[in-house]
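These are the residues of each chain, in order.
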Amino acid sequence: METKQIQILNPHKVKDEELAEAAEILKKGGLVAFPTETVYGLGANGLDEEAAKKIYAAKGRPSDNPLIVHISAPEELESLAAEIPDAAKSLMELYWPGPLTMVFKKKEIVPCGTTGGLDTVAVRMPSDPIARALIRLAGVPVAAPSANRSGRPSPTTAGHVWQDMAGRIEMIIDGGPVGIGVESTIVDVTGPVPVILRPGAVTMEMIKDALGQVEIDPAIVGPVKEGVRPKAPGMKYRHYAPKARMTLVEGEMEQVVRTINRLAREALKGGERVGIICTDETRSCYPAGMIRSIGIRAREETVAHNLYAVLREFDDLEADVIFSESFPGDQIGQAIMNRLTKAAGYHIIKA
Ligand code: AMP
Ligand code: MG
(Lines give C-alpha, C1' and ligand atoms only; values in the text may rest on other atoms or scores of the structure.)
(Ligands and ions follow the chains in the order given, each with its own letter.)
Protein backbone atom coordinates (compact mmCIF):
# COMPACT_ATOMS: atom_id res chain seq x y z
CA MET A 1 0.00 0.00 0.00
CA GLU A 2 1.23 3.49 -0.78
CA THR A 3 1.07 5.85 2.19
CA LYS A 4 0.21 9.44 1.38
CA GLN A 5 1.58 12.13 3.69
CA ILE A 6 -0.05 15.54 3.90
CA GLN A 7 1.22 18.52 5.84
CA ILE A 8 -0.91 21.01 7.75
CA LEU A 9 1.10 24.22 7.80
CA ASN A 10 -1.01 26.09 10.31
CA PRO A 11 -2.55 23.51 12.69
CA HIS A 12 -4.48 26.14 14.66
CA LYS A 13 -6.22 27.34 11.51
CA VAL A 14 -6.70 24.00 9.81
CA LYS A 15 -9.34 24.18 7.06
CA ASP A 16 -11.95 21.48 6.49
CA GLU A 17 -10.79 21.13 2.84
CA GLU A 18 -7.32 20.13 4.02
CA LEU A 19 -8.76 17.16 5.93
CA ALA A 20 -11.51 16.12 3.48
CA GLU A 21 -9.54 13.27 1.91
CA ALA A 22 -8.44 11.95 5.32
CA ALA A 23 -12.05 12.02 6.58
CA GLU A 24 -13.15 10.17 3.45
CA ILE A 25 -10.55 7.42 4.09
CA LEU A 26 -11.88 6.98 7.65
CA LYS A 27 -15.49 6.84 6.43
CA LYS A 28 -14.54 4.12 3.95
CA GLY A 29 -12.91 1.98 6.66
CA GLY A 30 -9.27 2.96 6.03
CA LEU A 31 -6.47 4.07 8.38
CA VAL A 32 -5.19 7.62 8.94
CA ALA A 33 -2.46 8.66 11.38
CA PHE A 34 -3.00 12.10 12.88
CA PRO A 35 -1.52 14.36 15.56
CA THR A 36 -3.14 14.73 18.98
CA GLU A 37 -1.84 16.78 21.91
CA THR A 38 -0.48 13.60 23.56
CA VAL A 39 1.15 11.43 20.83
CA TYR A 40 0.29 10.66 17.17
CA GLY A 41 -2.75 8.39 16.85
CA LEU A 42 -3.59 5.73 14.27
CA GLY A 43 -7.26 6.28 13.49
CA ALA A 44 -10.04 4.12 12.12
CA ASN A 45 -13.84 4.16 12.34
CA GLY A 46 -14.43 2.97 15.93
CA LEU A 47 -17.84 1.53 15.09
CA ASP A 48 -16.55 -0.62 12.24
CA GLU A 49 -15.09 -3.90 13.43
CA GLU A 50 -13.29 -4.55 10.15
CA ALA A 51 -11.60 -1.12 10.31
CA ALA A 52 -10.51 -1.77 13.90
CA LYS A 53 -8.97 -5.08 12.79
CA LYS A 54 -6.81 -3.16 10.33
CA ILE A 55 -5.36 -1.12 13.22
CA TYR A 56 -4.28 -4.30 15.01
CA ALA A 57 -2.74 -5.63 11.80
CA ALA A 58 -0.87 -2.40 10.97
CA LYS A 59 0.54 -2.10 14.49
CA GLY A 60 1.13 -5.81 15.07
CA ARG A 61 -0.89 -5.26 18.26
CA PRO A 62 -2.29 -8.15 20.33
CA SER A 63 -6.05 -8.23 19.77
CA ASP A 64 -6.88 -8.24 23.51
CA ASN A 65 -5.41 -4.74 23.90
CA PRO A 66 -8.39 -2.38 23.48
CA LEU A 67 -8.43 0.90 21.55
CA ILE A 68 -9.33 4.35 22.86
CA VAL A 69 -12.27 5.90 20.99
CA HIS A 70 -11.93 9.62 20.22
CA ILE A 71 -14.83 12.06 19.91
CA SER A 72 -15.03 15.69 18.79
CA ALA A 73 -17.75 16.95 21.17
CA PRO A 74 -18.92 15.88 24.68
CA GLU A 75 -22.45 15.05 23.40
CA GLU A 76 -21.01 12.22 21.31
CA LEU A 77 -20.21 10.32 24.51
CA GLU A 78 -23.88 9.50 25.01
CA SER A 79 -23.93 7.27 21.93
CA LEU A 80 -21.01 5.17 23.28
CA ALA A 81 -21.34 5.02 27.08
CA ALA A 82 -24.19 3.11 28.73
CA GLU A 83 -23.81 5.20 31.89
CA ILE A 84 -22.09 8.53 32.59
CA PRO A 85 -21.37 8.68 36.34
CA ASP A 86 -21.18 12.04 38.16
CA ALA A 87 -17.42 11.68 38.64
CA ALA A 88 -17.04 11.46 34.88
CA LYS A 89 -19.20 14.54 34.37
CA SER A 90 -16.98 16.52 36.75
CA LEU A 91 -13.80 15.39 35.02
CA MET A 92 -15.24 16.10 31.55
CA GLU A 93 -16.16 19.60 32.69
CA LEU A 94 -12.60 20.23 33.88
CA TYR A 95 -10.38 18.31 31.47
CA TRP A 96 -12.19 17.82 28.15
CA PRO A 97 -11.01 18.53 25.59
CA GLY A 98 -7.63 17.30 26.78
CA PRO A 99 -5.30 14.43 27.69
CA LEU A 100 -7.84 12.47 29.77
CA THR A 101 -9.41 9.16 28.75
CA MET A 102 -12.27 7.65 30.75
CA VAL A 103 -13.46 4.05 30.76
CA PHE A 104 -17.27 3.58 30.69
CA LYS A 105 -19.66 0.63 30.42
CA LYS A 106 -20.16 0.39 26.69
CA LYS A 107 -23.30 0.55 24.60
CA GLU A 108 -24.16 -2.24 22.16
CA ILE A 109 -23.14 -0.08 19.18
CA VAL A 110 -19.44 -0.25 20.15
CA PRO A 111 -18.04 -3.45 18.63
CA CYS A 112 -15.97 -5.89 20.70
CA GLY A 113 -13.34 -5.64 17.97
CA THR A 114 -12.68 -2.10 19.22
CA THR A 115 -12.73 -2.90 22.95
CA GLY A 116 -10.59 -6.04 22.86
CA GLY A 117 -13.61 -8.09 23.93
CA LEU A 118 -14.33 -5.96 27.04
CA ASP A 119 -17.81 -4.71 27.95
CA THR A 120 -16.32 -1.26 28.62
CA VAL A 121 -15.12 1.44 26.26
CA ALA A 122 -12.36 4.01 26.74
CA VAL A 123 -13.27 7.47 25.39
CA ARG A 124 -11.33 10.71 24.98
CA MET A 125 -12.05 14.12 23.49
CA PRO A 126 -8.69 15.49 22.31
CA SER A 127 -7.89 19.20 22.27
CA ASP A 128 -5.64 19.14 19.20
CA PRO A 129 -7.44 21.17 16.49
CA ILE A 130 -6.47 18.79 13.67
CA ALA A 131 -7.65 15.72 15.62
CA ARG A 132 -10.94 17.41 16.52
CA ALA A 133 -11.65 18.62 12.98
CA LEU A 134 -10.81 15.22 11.51
CA ILE A 135 -13.16 13.35 13.89
CA ARG A 136 -15.95 15.87 13.24
CA LEU A 137 -15.55 15.55 9.46
CA ALA A 138 -15.37 11.75 9.57
CA GLY A 139 -18.74 11.86 11.36
CA VAL A 140 -17.91 8.75 13.44
CA PRO A 141 -16.04 8.10 16.70
CA VAL A 142 -12.43 7.41 15.81
CA ALA A 143 -10.62 4.49 17.47
CA ALA A 144 -6.97 5.49 17.73
CA PRO A 145 -4.11 3.86 19.59
CA SER A 146 -0.64 5.37 19.36
CA ALA A 147 0.61 5.22 15.76
CA ASN A 148 3.71 3.10 16.45
CA ARG A 149 4.44 -0.54 15.63
CA SER A 150 3.64 -2.54 18.75
CA GLY A 151 6.69 -2.66 21.02
CA ARG A 152 8.19 0.61 19.71
CA PRO A 153 8.12 3.92 21.58
CA SER A 154 5.04 6.06 20.80
CA PRO A 155 5.46 8.58 17.95
CA THR A 156 5.62 12.28 18.76
CA THR A 157 6.37 13.49 15.20
CA ALA A 158 5.02 12.54 11.77
CA GLY A 159 8.56 11.32 10.96
CA HIS A 160 8.31 8.72 13.75
CA VAL A 161 4.97 7.56 12.31
CA TRP A 162 6.52 7.32 8.85
CA GLN A 163 9.34 5.11 10.22
CA ASP A 164 6.81 2.66 11.66
CA MET A 165 3.80 2.87 9.34
CA ALA A 166 4.94 3.73 5.79
CA GLY A 167 3.37 1.23 3.40
CA ARG A 168 0.94 -0.07 6.03
CA ILE A 169 -1.71 2.69 6.21
CA GLU A 170 -3.46 5.02 3.75
CA MET A 171 -2.42 8.41 5.10
CA ILE A 172 -0.28 10.31 7.62
CA ILE A 173 -1.27 13.86 8.57
CA ASP A 174 1.79 15.88 9.57
CA GLY A 175 0.77 18.58 12.03
CA GLY A 176 4.26 19.09 13.49
CA PRO A 177 5.59 17.75 16.80
CA VAL A 178 2.98 17.04 19.51
CA GLY A 179 2.72 19.20 22.63
CA ILE A 180 2.65 16.84 25.63
CA GLY A 181 4.57 13.81 24.43
CA VAL A 182 3.15 11.04 26.67
CA GLU A 183 -0.17 9.24 26.26
CA SER A 184 -3.38 10.36 27.97
CA THR A 185 -4.25 9.65 31.59
CA ILE A 186 -6.75 6.76 31.73
CA VAL A 187 -9.35 6.75 34.53
CA ASP A 188 -11.83 3.93 35.03
CA VAL A 189 -15.09 5.50 36.21
CA THR A 190 -17.21 2.32 36.18
CA GLY A 191 -16.76 1.54 39.89
CA PRO A 192 -17.60 3.38 43.13
CA VAL A 193 -14.12 4.95 43.33
CA PRO A 194 -12.40 6.18 40.14
CA VAL A 195 -9.17 4.29 39.39
CA ILE A 196 -6.21 5.61 37.41
CA LEU A 197 -5.14 2.89 34.98
CA ARG A 198 -2.41 4.91 33.26
CA PRO A 199 -0.83 8.17 34.48
CA GLY A 200 -0.60 11.13 32.10
CA ALA A 201 -0.64 14.92 31.95
CA VAL A 202 -3.89 15.12 33.92
CA THR A 203 -2.22 14.11 37.15
CA MET A 204 -3.40 12.05 40.12
CA GLU A 205 -3.26 15.25 42.19
CA MET A 206 -5.55 17.05 39.72
CA ILE A 207 -8.07 14.19 39.77
CA LYS A 208 -7.99 13.97 43.55
CA ASP A 209 -8.60 17.71 43.82
CA ALA A 210 -11.59 17.37 41.50
CA LEU A 211 -13.20 14.26 42.98
CA GLY A 212 -11.88 14.03 46.53
CA GLN A 213 -10.84 10.42 46.04
CA VAL A 214 -9.01 8.34 43.49
CA GLU A 215 -7.20 5.02 43.45
CA ILE A 216 -4.27 3.92 41.38
CA ASP A 217 -4.04 0.58 39.59
CA PRO A 218 -1.14 -1.55 40.93
CA ALA A 219 0.02 -2.20 37.34
CA ILE A 220 1.21 1.42 37.23
CA VAL A 221 3.74 1.07 40.00
CA GLY A 222 5.17 -2.39 39.48
CA PRO A 223 5.37 -5.27 37.02
CA VAL A 224 2.15 -7.18 36.41
CA LYS A 225 2.30 -10.49 38.27
CA GLU A 226 1.86 -13.78 36.45
CA GLY A 227 -1.83 -14.63 36.10
CA VAL A 228 -3.07 -11.15 37.08
CA ARG A 229 -5.09 -9.32 34.43
CA PRO A 230 -4.50 -5.57 34.72
CA LYS A 231 -7.56 -3.38 34.15
CA ALA A 232 -5.88 -1.61 31.23
CA PRO A 233 -4.79 -4.67 29.25
CA GLY A 234 -2.09 -2.59 27.51
CA MET A 235 -0.23 -2.21 30.79
CA LYS A 236 0.95 -5.81 30.70
CA TYR A 237 2.90 -5.40 27.50
CA ARG A 238 6.47 -4.20 27.57
CA HIS A 239 5.79 -1.38 25.19
CA TYR A 240 7.30 2.09 25.29
CA ALA A 241 10.47 0.09 24.89
CA PRO A 242 13.77 0.82 23.19
CA LYS A 243 15.79 -2.05 21.71
CA ALA A 244 18.64 -1.56 24.19
CA ARG A 245 18.74 -2.98 27.70
CA MET A 246 17.88 -0.02 29.89
CA THR A 247 18.68 0.68 33.55
CA LEU A 248 17.11 3.46 35.59
CA VAL A 249 19.26 4.86 38.37
CA GLU A 250 17.52 6.39 41.40
CA GLY A 251 18.87 8.37 44.30
CA GLU A 252 20.57 11.60 45.20
CA MET A 253 21.70 13.43 42.04
CA GLU A 254 25.44 13.42 42.66
CA GLN A 255 25.40 9.70 43.45
CA VAL A 256 23.27 9.00 40.40
CA VAL A 257 25.76 10.74 38.11
CA ARG A 258 28.66 8.87 39.70
CA THR A 259 26.89 5.49 39.38
CA ILE A 260 25.88 6.07 35.77
CA ASN A 261 29.44 7.07 34.88
CA ARG A 262 30.80 3.93 36.52
CA LEU A 263 28.29 1.66 34.76
CA ALA A 264 28.95 3.44 31.46
CA ARG A 265 32.73 3.01 31.83
CA GLU A 266 32.34 -0.72 32.51
CA ALA A 267 30.00 -1.21 29.55
CA LEU A 268 32.26 0.78 27.22
CA LYS A 269 35.21 -1.36 28.33
CA GLY A 270 33.15 -4.41 27.39
CA GLY A 271 32.79 -2.99 23.88
CA GLU A 272 29.12 -2.03 24.19
CA ARG A 273 27.42 0.97 22.60
CA VAL A 274 26.36 3.01 25.63
CA GLY A 275 23.53 5.55 25.77
CA ILE A 276 23.06 7.94 28.68
CA ILE A 277 19.80 9.75 29.39
CA CYS A 278 20.51 12.88 31.41
CA THR A 279 18.98 16.35 31.80
CA ASP A 280 20.13 19.83 30.78
CA GLU A 281 21.24 20.37 34.37
CA THR A 282 23.61 17.34 34.40
CA ARG A 283 24.68 17.08 30.78
CA SER A 284 28.21 18.35 31.41
CA CYS A 285 28.78 15.73 34.14
CA TYR A 286 29.05 12.80 31.72
CA PRO A 287 32.39 12.42 29.93
CA ALA A 288 31.79 9.28 27.85
CA GLY A 289 29.05 7.45 25.92
CA MET A 290 26.24 8.72 23.68
CA ILE A 291 24.78 11.41 25.91
CA ARG A 292 21.30 12.80 25.33
CA SER A 293 19.44 15.29 27.49
CA ILE A 294 15.78 14.37 27.90
CA GLY A 295 14.85 17.91 28.97
CA ILE A 296 15.06 20.38 31.82
CA ARG A 297 14.69 18.69 35.21
CA ALA A 298 13.22 21.82 36.74
CA ARG A 299 10.52 21.82 34.02
CA GLU A 300 9.30 18.23 33.86
CA GLU A 301 6.88 18.92 31.02
CA THR A 302 9.97 19.24 28.79
CA VAL A 303 11.04 15.75 29.88
CA ALA A 304 7.63 14.30 28.93
CA HIS A 305 7.84 16.15 25.62
CA ASN A 306 11.22 14.63 24.63
CA LEU A 307 10.96 11.19 26.24
CA TYR A 308 9.94 9.06 23.26
CA ALA A 309 12.11 10.93 20.76
CA VAL A 310 15.17 10.17 22.91
CA LEU A 311 14.25 6.46 23.19
CA ARG A 312 13.78 6.30 19.42
CA GLU A 313 17.08 8.05 18.84
CA PHE A 314 18.88 5.37 20.83
CA ASP A 315 17.23 2.74 18.60
CA ASP A 316 18.58 4.59 15.55
CA LEU A 317 22.02 4.83 17.18
CA GLU A 318 21.88 1.08 17.91
CA ALA A 319 22.66 1.47 21.58
CA ASP A 320 23.23 -1.85 23.39
CA VAL A 321 22.64 -0.43 26.85
CA ILE A 322 21.04 2.77 28.17
CA PHE A 323 21.56 4.24 31.63
CA SER A 324 18.98 6.83 32.63
CA GLU A 325 18.50 9.30 35.44
CA SER A 326 15.14 9.02 37.19
CA PHE A 327 12.52 11.57 38.29
CA PRO A 328 10.31 12.17 41.33
CA GLY A 329 7.10 10.20 40.87
CA ASP A 330 4.54 12.91 41.52
CA GLN A 331 2.63 15.29 39.20
CA ILE A 332 3.66 14.69 35.54
CA GLY A 333 6.70 12.85 36.97
CA GLN A 334 4.38 9.92 37.68
CA ALA A 335 3.70 9.53 33.94
CA ILE A 336 7.38 10.01 33.10
CA MET A 337 8.51 7.37 35.60
CA ASN A 338 5.76 4.97 34.49
CA ARG A 339 7.02 5.14 30.89
CA LEU A 340 10.70 5.02 31.85
CA THR A 341 10.31 2.05 34.21
CA LYS A 342 8.38 0.16 31.54
CA ALA A 343 11.04 1.03 28.96
CA ALA A 344 13.60 -0.34 31.41
CA GLY A 345 11.56 -3.51 31.98
CA TYR A 346 11.38 -2.42 35.67
CA HIS A 347 15.17 -2.59 35.95
CA ILE A 348 15.83 0.11 38.57
CA ILE A 349 18.90 0.39 40.78
CA LYS A 350 19.67 2.66 43.74
CA ALA A 351 22.75 4.84 43.37
P1 AMP B 1 -2.79 3.36 23.27
O2 AMP B 1 -4.01 3.67 22.48
O3 AMP B 1 -1.69 2.76 22.47
O4 AMP B 1 -2.40 4.54 24.09
O5 AMP B 1 -3.26 2.26 24.27
C6 AMP B 1 -4.56 2.34 24.80
C7 AMP B 1 -4.54 1.99 26.25
O8 AMP B 1 -5.86 2.12 26.74
C9 AMP B 1 -4.11 0.56 26.49
O10 AMP B 1 -3.23 0.49 27.59
C11 AMP B 1 -5.42 -0.13 26.81
O12 AMP B 1 -5.23 -1.22 27.64
C13 AMP B 1 -6.23 0.99 27.47
N14 AMP B 1 -7.69 0.80 27.29
C15 AMP B 1 -8.40 0.97 26.17
N16 AMP B 1 -9.68 0.63 26.36
C17 AMP B 1 -9.79 0.20 27.63
C18 AMP B 1 -10.87 -0.30 28.43
N19 AMP B 1 -12.09 -0.46 27.93
N20 AMP B 1 -10.60 -0.62 29.70
C21 AMP B 1 -9.37 -0.47 30.22
N22 AMP B 1 -8.31 -0.01 29.50
C23 AMP B 1 -8.52 0.33 28.23
MG1 MG C 1 0.43 2.76 22.58
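Here the structure is a predicted model, which is why all the values come from computation and not from measurement. (Residues numbered from 1 in each chain as written. Chains lettered and ligands numbered in written order. Predicted model: local features only at pLDDT ≥ 70, side-chain atom pairs only at ≥ 80, totals over all residues. Heavy atoms only, no water.)

Trainee: Sorry if this is basic, but what is going on with the pairing of strand 5 (residues 100-105) here?
Mentor: Along a regular strand, successive side chains alternate from one face of the sheet to the other. Burial within strand 5 is extensive, with five of its six residues counted as buried. Note: strand 5 against strand 9 (residues 185-188), four bridges, orientation parallel. Counterpart to threonine 101 in the pairing with strand 9 is isoleucine 186. Sheet topology places strand 5 next to strand 6 (residues 120-124); five bridges connect them, and they run antiparallel. Residue pairing for strand 6: valine 103 is matched across the bridge by alanine 122. (Buried < 20%, exposed > 50% of the residue type's maximum accessible area, 1.4 Å probe, protein only. Helix = DSSP H or I, 4+ residues; strand = E, 2+ residues; numbered from the N terminus. Pairing = 2+ DSSP bridges.)

Trainee: Teacher, can you tell me more about the side chain of threonine 101 here?
Mentor: With respect to the helices, strands and loops of the structure, threonine 101 is situated in strand 5. Overall, threonine 101 belongs to the buried group, its relative accessible area being 0%. The contact partners of threonine 101, leaving out residues within four places of it in the chain, are Ile68, Ala122, Val123, Arg124, Ser184, Thr185, Ile186 and Val187. (Contact = heavy atoms within 4.5 Å.)

Trainee: What am I meant to see in the side chain of glutamate 300 here?
Mentor: Here glutamate 300 is to be found in helix 10 (residues 300-316). The charged side chain of glutamate 300 is buried without a salt bridge, its nearest counter-charge being arginine 297 at 5.7 Å. There is a polar contact of 3.4 Å between the side chain of glutamate 300 and the backbone nitrogen of glycine 333. Apart from residues lying up to four places away in sequence, glutamate 300 is in contact with Phe327, Pro328, Asp330, Ile332, Gly333 and Ile336. (Lys, Arg positive; Asp, Glu negative; His and termini not counted. Salt bridge = Lys/Arg side-chain N within 4 Å of Asp/Glu carboxyl O. Polar contact = N/O pair within 3.5 Å; in protein donor to acceptor, adjacent residues only side chain to side chain.)

Trainee: Explanation requested: unusual backbone geometry in the structure shown.
Mentor: Excluding glycine, residues mostly have negative phi values, and the peptide bonds linking residues are mostly trans. The residue after tryptophan 96, namely proline 97, is reached through a cis peptide bond having omega -5°. Along the chain, proline 97 falls in the loop between helix 3 (86-95) and strand 5. Of note, glutamate 318 is a non-glycine position whose phi angle comes to about 55°, a positive value. By secondary structure assignment, the location of glutamate 318 is in the loop between helix 10 and strand 15 (321-325).

Trainee: Looking at this structure, how should I read the nonpolar core?
Mentor: Most often, soluble globular proteins keep nonpolar side chains buried together rather than apart. In terms of nonpolar packing, the biggest core is built from 26 residues, with Met246, Ile277, Ile336 and Leu340 touching the most fellow members. Here this core gets seven residues from one element, more than from any other, and that element is helix 10. Those residues in contact with methionine 246 that sit more than four places away from it in its chain are Ile277, Leu311, Ile322, Ser324, Leu340, Ala343, Ala344 and His347. Grouped together as the second largest cluster of nonpolar side chains are 24 residues, Leu77, Leu80, Val121 and Val189 included. (Core = buried A, V, L, I, M, F, W, Y, C linked by side-chain atoms within 4.5 Å.)

Trainee: What exactly am I supposed to notice about the packing of helix 6 (residues 158-165) against helix 10 here?
Mentor: Angle between the axes and distance between the axes are the two parameters that describe a pair of packed helices. Running from amino to carboxyl end, helix 6 crosses helix 10 at an angle of 45°, the nearest separation of the two axes being 12 Å. Relative to helix 10, the element helix 6 lies oblique. You can see that helix 6 and helix 10 cross each other, and the crossing is left-handed. Residues His160, Gln163 and Asp164 of helix 6 touch helix 10, and the partners they reach there are Ala309, Arg312 and Asp316. Among the residues making up the contact of helix 6 with helix 10, the classes are represented as one nonpolar, two polar and three charged. (Axes fitted to C-alpha atoms, helices over the stretch in contact; angles between N-to-C directions. Parallel < 35°, antiparallel > 145°, perpendicular 65-115°, else oblique. Left-handed = near helix turned anticlockwise from the far one by under 90°. Nonpolar A, V, L, I, M, F, W, Y, C, P; charged D, E, K, R; others polar.)

Trainee: Before we go on, may I ask you to explain the environment of alanine 57 in this structure?
Mentor: For alanine 57, the location among the structural elements is in helix 2 (residues 49-59). For the pair alanine 57 and serine 150, spaced 93 residues apart in sequence, the C-alpha to C-alpha distance is 9.9 Å.

Trainee: Would you mind showing me how to read the packing of helix 3 against helix 7 (residues 204-211) here?
Mentor: With their axes 10 Å apart at the nearest point, helix 3 and helix 7 run at an angle of 120° to one another. In terms of their interaxial angle, helix 3 and helix 7 are classed as oblique. The handedness of the crossing between helix 3 and helix 7 is right-handed. Contacts between helix 3 and helix 7 involve Ala87, Ser90, Leu91, Leu94 and Tyr95 from the former and Met206, Ile207, Ala210 and Leu211 from the latter. Its residues assigned to classes, the contact of helix 3 with helix 7 comprises eight nonpolar, one polar and no charged.

Without other data, these values stay purely geometric and don't point to any function.
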